[in-house]
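# Examining the three-dimensional arrangement
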Amino acid sequence: MKFEIAVRNGRRFRLAVARTSQGVWIGWPGGAKYFGPERAEAAAAGAAQAEVRAPMTGRVVAVPVLSGQTVLAGEVLVILQAMKMEYRLTAPGPGVVDTIHCAPGEMVDLGAVLVTMAPVPEPEAATVASPARARPRRRARQR
Amino acid sequence: MKVLVANRGEIACRILKTLREMGIPSVAVHSDGDGDALHVDLADEVAALAAPSGYLDAPLLIETARRLSADAVHPGYGFLSQSAPFAEACRAAGLTFIGPSPEAMRLLGDKRGARRTAEECGLPVIPGASECDTLESARRAAYAIGYPVLIKAAGGGGGKGMRLVGDDGALAEAFAAARREAEVAFADPRLLVEKYLAPARHVEAQILGDGREAVALGERECSLQRRYQKVIEEAPSPGIPESTRRALLDAAVTLARKAKYASAGTVEFLVGPGGEHFFLEVNTRLQVEHPVTELLTGVDIVAAQVELALGGRLPEPPTPRGHAIEARLNAEDPHRGFLPSSGPVLMLDWPSRPWLRVDSGIRQGQEVRPDYDPLLAKLIAWGASREQARRRLVEALRDLTLLGVATNQAFLIQVLESEEFRRGETYTSTLEARRWPLPEVPAEAVAAARRALATRPAEGAGDGGVAADRHSPWQEPDGSGRLVP
């Protein structure tokens, strides 16, 4: 943990630096960001196998799907609760629920794999390529 | 007199500081895993509560207060602060509840009771139905007033148990979710349905009552919200006519007198673009944004609550002076749907500058946990003019360093610097009505990250002494953790 001084156009400003075991947090006047290590292989693996991961640490409220079930894009896979608000993880595209790795009542960590998806058997069906993101229930109104 | 503060985070810290200033001994409580929290160190005595939900455990809190010979309980906001049964149980146990009487809470604090009381006082009330405990009754109410409607928890605020419903097809799921949230947040699943009005300003009156008389300490505008939770609050309101301001404050005092209100409270209104206004609800407790009024009036609202709970008389209402703006620093990522973040606070440096107040509930090294509200701290700036207060708050937010947990720091600056805010065109829909671009990451920050990552940290731990990155909110959902941009 340390402060560094940067200079742009002759004007000085402060950067804050804090390492974690894998990456580093950098703060600048008015903002901060985490920078993780380059991990190209993880990105490639993510594309090959559709894993629905927890976008935050929280508690699983409900898993309204069963393994083996075919779901449509946008269908709710997992309801998570953190800081007293509920968030829905939805299917990013049509697919089959392969494995469910969590159960209602369980605490899950950020990044934990909650559901593994498999492509829909029909050859014409769109494959599930990107993982679900949690979306607030009122997303329609947010944008 | 000894006071148990039945809360955590910034509000427990703020209350404990005033108690110490008043020379009143204090007791802090903390749940499992919250023992390292900042508020624990600000009290004379401390007691542990089992489980993360300990702050909602009324019998345990009362037993703890008696065991440590406390005479009074300050509930803060959230948790049990608006629970009439808790206030009653305190009274039955011989403890002074620092807040209004259970009777006044039933008349005003309960959203259902408040609607009835406001109607009796002749206040304009927002169209809606206050008894919607079944999906069928909610559906009938929504049909009668017309979509879009808001489902609200009868037992509390803060955006929990609240859902905007655009049409009948979305009602069932929203109803079930609101019920679950209300149960978790307030131990009270009762719901009500109201017409959703937009565009509208959210304006509220701060009141103090001593059971006989009541005064208003002026209004606050809290229109800027996301997910029905306020983000930026200010006083005075930048955009309501003087006649509306007068009418709101008078209505608030009328309600307080009617309920023989004996504490601090807040009466909330929605104000349309033409100044037309509707009563919304009463918060029978200390409000998150109370410091805005404190900076304008010089009244310590927590001290006033304590004095009024002991039977004191009302202070003379001072003339408000200047302008104050508050920004809520939350552990959340505004650019990922305001998802909450948690993790260890690796580095923390609060701004310190003239005309700035920081009400914080965290310290360096502490873990921000997913069990509680995402509010980390409030930054409040005062200025002789609105523009001066705005500039001071922006500079304060630029001075702030908080690493380890994603926050809305950059978003707050964006909002305060936006044309809408500068012009005072602030409505409840403003924040969610448009996209807020991702903040620019300075090239110097990226370069510093590359330099830091080029040298491996000590085996098994980073600078913060954290063994793993399990809690750090950096990972994108795809797990790639790529160096961006």
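Residues numbered from 1 in each chain as written. Chains lettered and ligands numbered in written order. Predicted model: local features only at pLDDT ≥ 70, side-chain atom pairs only at ≥ 80, totals over all residues. Heavy atoms only, no water.

## Examining the overall build of chain A
Looking only at helices and strands, one finds two helices and 13 strands in chain A. Here chain A, with 143 residues, has 50% of them falling under the buried criterion. Taking the contacts inside chain A whose residues are at least 6 apart along the sequence as the reference set, 47% of them involve residues at least 24 apart. For chain A, the computed accessible surface area is about 6,400 Å², with 53% contributed by carbon and sulfur atoms. (Helix = DSSP H or I, 4+ residues; strand = E, 2+ residues; numbered from the N terminus. Buried < 20%, exposed > 50% of the residue type's maximum accessible area, 1.4 Å probe, protein only. Contact = heavy atoms within 4.5 Å. Areas by Shrake-Rupley, 256 points an atom, 1.4 Å probe, with all protein chains shown as cover.)

## A closer look at the overall build of chain B
The secondary structure content of chain B amounts to 15 helices and 23 strands. The globule rule puts the C-alpha radius of gyration for 485 residues at 23 Å, and the 22 Å found for chain B is close to it. Along the first, second and third principal axes, the C-alpha set of chain B runs to 70 × 50 × 50 Å. Of all 485 residues assigned to chain B, the portion counted as buried reaches 63%. Residue pairs at least 24 apart in sequence account for 66% of intrachain contacts in chain B once pairs closer than 6 positions are excluded. (Rg over C-alpha atoms; globule rule 2.2 N^0.38 Å.)

## Quick notes on the packing of aromatic side chains
Residue and element names in this part refer to chain B. Taken as a whole and assessed by the stated rule, the structure comprises eight aromatic pairs over all chains. Consider the rings of Phe-338 and Phe-411, whose centres lie 5.4 Å apart with planes at 75°: the pair is edge-to-face. Of this pair, Phe-338 sits in the loop between strand E16 (332–333) and strand E17 (339–340) while Phe-411 sits in helix H12 (residues 409–417), and the two are 73 residues apart along the sequence. Residue classification places Phe-338 among the buried residues on the basis of a relative accessible area of 7%. An aromatic cluster of three or more residues is present, and its members are Tyr-55, Phe-79 and Tyr-372. Over the ring of Phe-338 we find Arg-226, and its NZ or CZ is 5.5 Å from the ring centre. For the cation-ring pair, Arg-386 lies above Phe-421, with the distance from its terminal atom to the ring centre recorded as 4.2 Å. (Phe/Tyr/Trp six-rings, centres within 6.5 Å; stacked < 30°, edge-to-face > 60°. Lys NZ or Arg CZ within 6 Å of the ring centre and 35° of its normal.)

## Some points on unusual backbone geometry
All names here are of chain B. Following Ala-198, the chain continues to Pro-199 via a peptide bond in cis, the omega torsion being -5°. As for its position among the elements, Pro-199 is in the loop between strand E9 (191–195) and strand E10 (201–209). Residue Pro-236 is bonded to the preceding Ala-235 through a cis peptide linkage, with omega at -10°. As for its position among the elements, Pro-236 is in the loop between strand E12 (229–235) and helix H8 (242–258). Non-glycine residue Trp-355 carries a positive phi angle of around 65°. Structurally, the position occupied by Trp-355 is in the loop between strand E19 (347–349) and strand E20 (356–360). We classify Trp-355 as partly exposed; its relative accessible area is 48%.

## Brief notes about the domain arrangement of chain B
The domain boundaries assigned to chain B delineate domain 1 (3–98), domain 2 (127–195) and domain 3 (201–423). Taking only C-alpha atoms into account, the centre of domain 1 of chain B sits 30 Å from that of domain 2 of chain B. (Domains from an automatic or database assignment.)

## Let's talk about the side chain of Ser-341 of chain B
Residues and elements named next belong to chain B. Structurally, Ser-341 can be placed in the loop between E17 and strand E18 (343–344). Given the relative accessible area of 5%, Ser-341 is considered buried. From its side chain, Ser-341 meets the backbone nitrogen of Glu-332 in a polar contact 3.5 Å long. (Polar contact = N/O pair within 3.5 Å; in protein donor to acceptor, adjacent residues only side chain to side chain.)

## Some remarks on the side chain of Arg-53 of chain A
All names here are of chain A. Mapped onto the elements of the fold, Arg-53 is located in strand E5 (residues 50–53). At a separation of 3.0 Å, a polar atom in the side chain of Arg-53 contacts the side chain of Glu-51. In this structure the side chain of Arg-53 is engaged in a polar contact, spanning 2.8 Å, whose partner is the backbone oxygen of Gly-111.

## Considerations on the domain arrangement of chain A
Per the domain assignment, the segments of chain A are domain 1 (1–45) and domain 2 (49–123). Relative to domain 2 of chain A, the C-alpha centre of domain 1 of chain A lies at a distance of 31 Å.

## Regarding the pairing of E20 of chain B
As a general feature of sheets, a regular strand has side chains that alternate between the two faces. All names here are of chain B. Among the five residues in E20, four count as buried, and that is most of the element. Inspection of the sheet shows E20 paired to strand E22 (residues 375–383) by five bridges, in the antiparallel sense. For Val-358, the partnering residue across the bridge sits in E22 and is Leu-379. (Pairing = 2+ DSSP bridges.)

## Examining the packing of helix H11 (residues 386–399) of chain B against H12 of chain B
Packed helix pairs are characterised by how far apart their axes lie and by the angle those axes make with each other. Residue and element names in this part refer to chain B. Between H11 and H12, the shortest axis-to-axis distance is 10 Å and the interhelical angle comes to 160°. Regarding the angle of H11 to H12, the classification is roughly antiparallel. Of the two possible hands of crossing, H11 and H12 adopt the one that is left-handed. The segment H11 lies against H12, with Arg-390, Leu-393, Val-394, Leu-397 and Arg-398 engaging Gln-409, Leu-412, Ile-413, Leu-416 and Glu-417. (Axes fitted to C-alpha atoms, helices over the stretch in contact; angles between N-to-C directions. Parallel < 35°, antiparallel > 145°, perpendicular 65-115°, else oblique. Left-handed = near helix turned anticlockwise from the far one by under 90°.)

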